[in-house]
Amino acid sequence: MIGTLYTSIIEHMSVVVEGVPQSAVQRLRHAQDLRRQADAIELQAVADLACEHGWTTNDEFDVTGERAVRIGADGTALVGEFLPLEVAAIKAISVAAATWLIRDVLNLHDRHPMLWSSVQKGQVQPYRAFQLTQLAARYDLNVEQAHDLDQRLASKYGRIGWARLMRLARGLIAIIAADAVKAAADQARAERYVRTATTEQPVVTELWARLDTADAQQLEATIAAIAKNLAAQGDTDELDVRRSKALGILATPARALALLQGRDDKRYLPRTKIYLHLTDTMLTGENHVVRGETLGPLVRDQLRDLFGTHRLTITPVIHEGTEPGVDSYEIPDRIQESVLLRDVCEIFPHSSRSARRLDLDHTIPYVDGVENQTRPDNLGPLTRGVHRAKTAKRWHLRQPTSGVFWWTSPHHQHYRVTNQATDDLTTWSTGETTMMWHLDAHPPPPDR
């Protein structure tokens, strides 16, 4: 059964395999070989695509159209700024992820030729090679220094453990570019940050931070002290949970101070404002799920877990359909809010960027003197880069009905985007796409 399934998978991948290995060990090794081949082909394809979109310093270009940008580090080729859009749509990844992929491939190909060769031979996995190229770029090595590092490490590729090789690389960088190492340390301090992001479970949020080491040590001591005093106040949760609570309590300094003094004062509760997206079934009790603006789906009982210790201001959002359009270029708040609630995320294929952080773009460009252009079915949220590609007419967009977007890429790849999913239409037949367009342009009336 497993052998038949394996053969089916290989045939589905359109890979010609003669004499499929039968033992589990042989199949595992064979899968590794296929994966290395696929990685090498993909990296070469990205490099070739970058070459097709390449620019030289002697090329002339229109400043209102596509611009030449250097995505990689020193010594890498200039490419067209819209190249990441094509890669993102084909691979069904974000534009940012596509940009990082092109950056890593260009750095690997142009700055680390020996490492590139090792990847092509299957001796080094791409993600590990990218770790090394990113390390060299992070220390701002110029192309000559990157080549020097590559030459010094060439005999080690695929022959020693990767963690060991990375330690060796850091030591060599300190020799090759001592000033760059010091500058990188200064830059690291200039790039301190604190970020939060919700998890798959909206009742908890993850937090990352980069602090001065002295501040981090002081924060650690304060968290430990509050966690200890929470236990003294009767909190029976595990230490890690109490430490997490302690960090949250620091958001209310007066309560944190009270706990550090051995007492608790819950008068100092934080105030929170949340948007809840409701449906008619939620209001009638038939459905117990709401959607938070940034938290995602929530059942009603989770609201107590999330905000039981907060003073709340709740703004209910009831989805009622479209707003009437206006003649002005400026977008009224009621229309902007309607579009943001409709689309949720950016309307570019496979994008996960929150619509609320983006500008709204007219699908059919605004023209002075034409009535009713600013309306929900002619608007959609886009990032600046995607907007530029559309304005430069490299990517083409149509919106047959409110909230449904049809994209065509410069390489004639076709995509349909809604607030539910992205459909890759490139392999659809003409009949299928024609029928889908008709259904989108003439949707059935809603049930009442």
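In this text the structure is predicted, and so the values were computed from the model without any measurement.

Explain the overall build of the chain here, please?
Assigned secondary structure in the chain consists of 17 helices and 15 strands. Expressed as a percentage of the 448 residues in the chain, the buried residues total 35%. Sequence separation of at least 24 residues holds for 55% of the intrachain contacts in the chain that already meet a minimum separation of 6.

Sorry, what's going on with the packing of aromatic side chains here?
Using the criterion set out here, one finds 5 aromatic pairs in the structure. Ring geometry for W406 versus W437: centroids 5.1 Å apart, planes at 85 degrees, classification edge-to-face. With W406 in strand β13 (residues 404–408) and W437 in helix α17 (residues 430–441), this residue pair connects regions lying 31 residues apart in the sequence. Residue classification places W437 among the partly exposed residues on the basis of a relative accessible area of 25%. In textbook terms, an aromatic cluster arises when at least three aromatic residues are bridged by ring pairs, as seen for F348, W395, W407 and Y415. Positioned above the aromatic ring of Y193, the side-chain terminus of R195 is 3.9 Å from the ring centre.

I would appreciate a short explanation of the pattern of salt bridges in the present structure.
Two side chains of opposite charge can pair, provided their charged atoms sit close to one another. Summed over all chains, the structure comprises 20 salt bridges. Notably, a salt bridge pairs D212 with R192, separated by 2.8 Å at the nearest N-O pair. Highlighted residues: D212 in the loop between β5 (205–210) and α10 (213–232) and R192 in the loop between α9 (178–190) and β4 (193–198), separated in sequence by 20 residues. Taking relative accessible area as the criterion, R192 reaches 40% and is therefore assigned partly exposed. Between E337 and R356 there is a salt bridge; the shortest N-O distance is 3.0 Å. In this pair, E337 is assigned in helix α15 (residues 333–343) and R356 in the loop between α15 and β10 (359–362), connecting sequence segments 19 residues apart. Judged by relative accessible area, E337 falls into the partly exposed class, the value being 25%. If you follow the salt bridges from partner to partner, you end up with R67, E81 and R388 in one network.

Mind showing me how you'd approach the nonpolar core here?
Where a protein is soluble and globular, its nonpolar side chains tend to be buried together. Of all hydrophobic cores here, the largest spans 39 residues; its most connected members are V105, L108, L115, L132, L149 and L153. Contributing elements (two or more residues each) for this core: α2 (24–52), α3 (83–91), α4 (95–111), α5 (113–120), α6 (126–138), α7 (143–153) and α8 (162–176). By residue number, the principal contributor to this core is α8, which donates 7 residues. Residues in contact with V105, not counting those within four places in the same chain, are L43, V46, A47, W116 and F130. Counting 14 residues, the second-largest nonpolar core is a separate cluster that includes A89, I347, L382 and V417.

Before we go on, may I ask you to explain the confidence of the model for the chain in this structure?
Regions with low pLDDT carry predicted coordinates that are not meant to be interpreted in detail. Overall, the prediction assigns the chain a mean pLDDT of 82, with 79% of residues at 70 or greater. The secondary structure element of the chain with the lowest average pLDDT is helix α1 (residues 2–12), at 44, and the one with the highest is α7, at 96. Low pLDDT, under 50, characterises residues 1–16; the predicted model gives this stretch 11 contacts beyond four residues in sequence or across chains.

Help me out: how do you make sense of a nonpolar patch on the surface in this one?
A grouping of V194, L207, L211 and L247 is seen on the molecular surface, where their side chains present a nonpolar patch of about 340 Å² in accessible area. Position of V194 relative to the elements: it lies in strand β4.

Before we go on, may I ask you to explain the environment of A47 in this structure?
Relative to the helices and strands, A47 is located in helix α2. In the structure, A47 is positioned 55 residues away from I102 in sequence and 7.7 Å away in space, judged by C-alpha atoms. With near-sequence residues (within four places) excluded, A47 lies in contact with V105, H109 and W116.

Can you help me understand the pairing of strand β14 (residues 414–417) in this one?
By the bridge criterion, 4 bridges tie β13 to β14 in an arrangement that is antiparallel. Within β14, the residue paired with T408 across the bridge is H414. Turn length for the β13-β14 hairpin, with the two strands adjacent in sequence and antiparallel, is 5 residues, and the turn residue H412 shows positive phi of about 65 degrees.

Would you mind showing me how to read α6 here?
Since one α-helical turn is 3.6 residues long, residues separated by three or four positions face the same way. When the terminal C-alpha atoms of α6 are compared, their 18 Å separation across 13 residues agrees well with the 18 Å that a helix rising 1.5 Å per residue should span. Every buried residue belonging to α6 is among P126, A129, F130, L132, T133, L135 and A136, and all of these are buried. Once α6 finishes, D140 follows within two positions and takes phi at roughly 55 degrees, a positive value.

Can you help me understand the environment of V241 in this one?
Looking at the element boundaries, V241 is found in helix α11 (residues 239–249). For the pair formed by V241 and A227, sequence separation is 14 residues and the distance between their alpha carbons is 8.6 Å.

Honestly, the sheet that holds strand β12 (residues 396–401) in this entry has me stumped. Any pointers?
The strands that make up a sheet pair up through hydrogen bonds in the backbone, lying either parallel or antiparallel. The strand order across the open sheet built from 4 strands is β12-β13-β14-β15, with neighbouring strands paired in antiparallel fashion. Since the sheet does not close on itself, it has two edges, and those belong to β12 and β15 (422–424), each with one partner. Adjacent strand axes in the sheet meet at a mean angle of 20 degrees when their direction is disregarded. The pairing of β12 with β13 spans 4 bridges and is classified as antiparallel. Paired with T401 across the two strands is V404, which belongs to β13.

I'm lost on the side chain of R111 in this one. Help?
Along the polypeptide, R111 turns up in helix α4. Of the side chains bearing the opposite charge, D74 lies closest to the buried R111, which forms no salt bridge; the N-O distance is 4.8 Å. Separated by 2.9 Å, the side chain of R111 and the backbone oxygen of D74 make a polar contact. Here L141 takes part through its backbone oxygen, which lies 2.9 Å from a polar atom of the side chain of R111. Setting aside residues no more than four positions away along its own chain, R111 makes contact with A73, D74, T76, L106, A136, A137, L141, N142, V143, A146, H147 and D150.

About the criteria used
- Residues numbered from 1 in each chain as written.
- Predicted model: local features only at pLDDT ≥ 70, side-chain atom pairs only at ≥ 80, totals over all residues.
- Heavy atoms only, no water.
- Helix = DSSP H or I, 4+ residues; strand = E, 2+ residues; numbered from the N terminus.
- Buried < 20%, exposed > 50% of the residue type's maximum accessible area, 1.4 Å probe, protein only.
- Contact = heavy atoms within 4.5 Å.
- Phe/Tyr/Trp six-rings, centres within 6.5 Å; stacked < 30°, edge-to-face > 60°.
- Lys NZ or Arg CZ within 6 Å of the ring centre and 35° of its normal.
- Salt bridge = Lys/Arg side-chain N within 4 Å of Asp/Glu carboxyl O.
- Core = buried A, V, L, I, M, F, W, Y, C linked by side-chain atoms within 4.5 Å.
- pLDDT = per-residue confidence, 0-100.
- Patch = residues over 30% accessible without salt bridge, like charges linked within 9 Å, V, L, I, M, F, W, Y side chains within 5 Å.
- Areas by Shrake-Rupley, 256 points an atom, 1.4 Å probe, with all protein chains shown as cover.
- Pairing = 2+ DSSP bridges.
- Expected span 1.5 Å × (residues − 1).
- Axes fitted to C-alpha atoms, helices over the stretch in contact; angles between N-to-C directions.
- Lys, Arg positive; Asp, Glu negative; His and termini not counted.
- Polar contact = N/O pair within 3.5 Å; in protein donor to acceptor, adjacent residues only side chain to side chain.

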